Amino acid sequence: MKHIGILTSGGDCPGLNCVIRAAVNHAKLTHNWEVVGIPYATQGLLERQTIPLNIHGWDLRGIDPLINMGGTILGSINKGDTLASAPEILASYEALGLDALIAVGGDGSLKIIHELATLGNWNLVAIPKTIDNDVALTERAIGFDTAVNTVVDAINRLTFTAASHDRVMIVEVMGRTAGHLALHSGIAGGADVILIPEIPYTIKGLCEHLSQLRAWGRKFAIVLVAEGATPCLEDLDDGFSCDLENAPGEHITSPKCGRGQYIADQISKLTNHFVDTRVSVLGHIQRGGIPSALDRLIATAYGKTAVDLIAQEKYDKMLAWQCGKVVNVPIADALDKSPYLVDPQSDLVKIARALGIYIGEN
Ligand code: F6P
């Protein structure tokens, strides 16, 4: 009989409850093991709290809400100097009688939990989640697919209103350091411009592309902007830094307004207000919603495989999705290579360029 803890850490995303469901069901049905939830990740460990988890469908007339519920029933935290409380947290693992811990997190939170696990000699299995999809060594983190679908849905809606008014719609999406979400959803949604942190853009290059579209008879455009999209330094030399609050060189992470509004203002400035722009910031809508079928599938496979690893007593591993199946990799290897960024030479970038999408670097 094993007593397994499970926690969700970092920003929430759709699919977390599917992992919990799969781990609880597989542990119970296959091994008759108990899985308990640790609320609010390291906070719950610190306070030594647990949430009993059962095969949920059995409580609710056979309906299992976890399969299609966004967020996390365990709660999560994405900040906190938990290492300062390391001795108490380390002692909690034993105090709670845990034989193993399943931690679902992004690279930031997995780093903290991995450090704790190494210090405390915990039996840890990690599962990657983040709508940014920037955890290395896995093609898919939980939540990414749903977020891509959410952005594509927004682009679909904005396209018709943009076309009706000949407007340039700027759509700001999440992604402070990694542009996977913008790149995938921009290509899938038919965006005209995709700006990501990994490939610097110029406002001139962007505006030239917009006027080229007009010359082709396309009077509206969809400009997809990751929140960490990076301007070329030459843009600053050309006087396009006026609305930035930081000194040159620090501009990249912190404009006064959001990156989308900043770009809209710069387009207006360069075109003497000829281009009519509107900005939509999708924000946390991208983290909400019910999980897509692919996220449910991957999350379920991860939850099941985490229990398998515990049965084999294989610890210090992160589960990863590679070539359509779940594999495991040393957690340290994945964290060393994270955040995993968009390669400017990647096939997807080439595909975007081949389709005439402006993606920067000129
Ligand atoms: O999970 C990563 C992320 O989605 C980023 O893309 C975004 O900047 C961040 O979370 C925002 O998180 P929060 O508002 O919860 O701090």
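Position numbers for residues count from 1 along each chain, tracking the sequence in the order it is written. Whole-chain, interface and lining totals are the exception, using all residues; otherwise, since this is a predicted model, local features are given only for residues with pLDDT of at least 70 and side-chain atom pairs are given and counted only at 80 or more. Values reported for side chains reflect all heavy atoms of the structure, with hydrogen atoms and water molecules removed beforehand.

(A) The packing of helix 5 (residues 144-165) against helix 6 (residues 180-189), seen in detail. Here an axis means a line fitted to C-alpha atoms, over the contact stretch when the element is a helix, while the angle between two N-to-C directions is reported on a 0 to 180 degree scale. To qualify as a helix, a DSSP run of H or I must reach at least 4 residues; to qualify as a strand, a run of E must reach at least 2; elements of each kind are numbered from the N terminus. Viewed as axis vectors pointing N to C, helix 5 and helix 6 meet at an angle of 45°, and their least axial separation amounts to 9 Å. Accordingly, the angle class assigned to the pair helix 5 and helix 6 is oblique. As helix 5 runs across helix 6, the sense of the crossing is right-handed. Packed against helix 5, whose contacting residues are F144, A147, V148, V151, V152 and I155, the element helix 6 presents H180, L181, H184, S185, G186, A188 and G189 at the interface. Grouping the amino acids of the contact of helix 5 with helix 6 by side-chain chemistry returns eight nonpolar, five polar and no charged. An angle counts as roughly parallel when it lies under 35 degrees, as roughly antiparallel when it exceeds 145, as roughly perpendicular when it falls between 65 and 115, and as oblique in every other case. By the definition used in this description, the sense in which the near helix is turned from the far one sets the handedness, with an anticlockwise turn below a right angle giving left-handed and a clockwise turn giving right-handed. A contact between two residues is defined here by any heavy atoms of the two lying within 4.5 Å. Classification convention: Asp, Glu, Lys, Arg as charged; Ala, Val, Leu, Ile, Met, Phe, Trp, Tyr, Cys, Pro as nonpolar; all other residues, Gly among them, as polar.

(B) How the structure looks around the pattern of salt bridges. Salt bridge, as applied in this entry: a Lys or Arg side-chain nitrogen positioned within 4 Å of an Asp or Glu carboxyl oxygen. Evaluated as defined, the whole model comprises ten salt bridges. Two residues, D64 and R21, come together in a salt bridge whose shortest N-O distance is 2.7 Å. Of this pair, D64 sits in the loop between strand 3 (51-52) and helix 3 (86-95) while R21 sits in helix 1 (residues 16-31); the two residues are 43 residues apart in sequence, bridging distant segments of the chain. Three labels apply to residues, based on accessible area from a 1.4 Å probe with only protein chains included: buried if under 20% of the type maximum, exposed if over 50%, partly exposed otherwise in between. Given the relative accessible area of 15%, D64 is considered buried. In this structure, D153 and R157 form a salt bridge, with 2.9 Å as the shortest nitrogen-oxygen distance. With D153 and R157 both in helix 5 and four residues apart, this pair spans about one turn of that helix. Judged by relative accessible area, which is 34%, D153 ranks as partly exposed.

(C) Expanded view of helix 9 (residues 259-270). Look at helix 9: 16 Å from first C-alpha to last across twelve residues, which is about the 16 Å you get at 1.5 Å a residue. Of all the positions in helix 9, only R259, G260, Y262, I263, A264, Q266, I267 and S268 are classed as buried. At its buried positions, helix 9 is contacted by strand 6 (168-173), strand 7 (193-195), helix 7 (203-215), strand 8 (221-226) and strand 9 (277-281). Backbone geometry just downstream of helix 9 places N272 in the positive-phi region, at approximately 50°. Residue count minus one, scaled by 1.5 Å, sets the expected span of a helix.

(D) Spotlight on the site of the ligand. Nearness is judged by heavy atoms alone; a residue qualifies as near a molecule or strand once a single heavy atom is within 4 Å of it. Inspection of the region around the ligand gives N78, I131, D132, M174, G175, R176, E227, H284 and R287 as its neighbouring residues. A distance of 2.9 Å separates an oxygen atom of the ligand from a polar side-chain atom of N78. At a separation of 2.9 Å, an oxygen atom of the ligand approaches a polar side-chain atom of R287. Using the Shrake-Rupley algorithm and a 1.4 Å probe, accessible areas are obtained, with residue cover drawn only from the displayed protein chains. In isolation the ligand has 400 Å² of accessible area, and contact with the protein removes 75% of it. For the purposes of these results, a polar contact is taken to be a pair of N or O atoms within 3.5 Å, where, inside protein, one atom must be able to donate a hydrogen and its partner to accept one; residues adjacent in sequence count only when each atom of the pair is a side-chain atom.

(E) Spotlight on the sheet that holds strand 9. We call two strands paired when DSSP finds no fewer than two bridges between them. The parallel open sheet is built from four strands, whose spatial order is 7-8-6-9. Every other strand in the sheet has two partners, leaving strand 7 and strand 9 as the edge strands with one partner each. Strand-to-strand twist across the sheet, computed as the mean angle between neighbouring axes with direction ignored, equals 15°. As paired strands, strand 7 and strand 8 are joined by three bridges and run parallel to one another. Paired with I194 across the two strands is L224, which belongs to strand 8. Across the sheet, helix 5 is in contact with strand 6, strand 8 and strand 9; its angle to strand 8 comes to roughly 145°. The strands touched by helix 9 within the sheet are strand 6, strand 7, strand 8 and strand 9, with strand 6 carrying the most contacts at an inclination of about 155°.

(F) Spatial organisation of unusual backbone geometry. That bond from S338 to P339 is cis: its omega, -5°, falls within 30 degrees of zero. Secondary-structure assignment places P339 in the loop between helix 11 (331-336) and helix 12 (347-354).

(G) Spatial organisation of the side chain of D308. Mapped onto the elements of the fold, D308 is located in helix 10 (residues 293-311). Exposure remark for D308: the relative accessible area of 18% places this residue in the buried category. In terms of polar contacts, D308 uses its side chain to reach the side chain of K304, at 2.5 Å.

Note that every value here comes from positions in space, so none of it alone points to a role or purpose.
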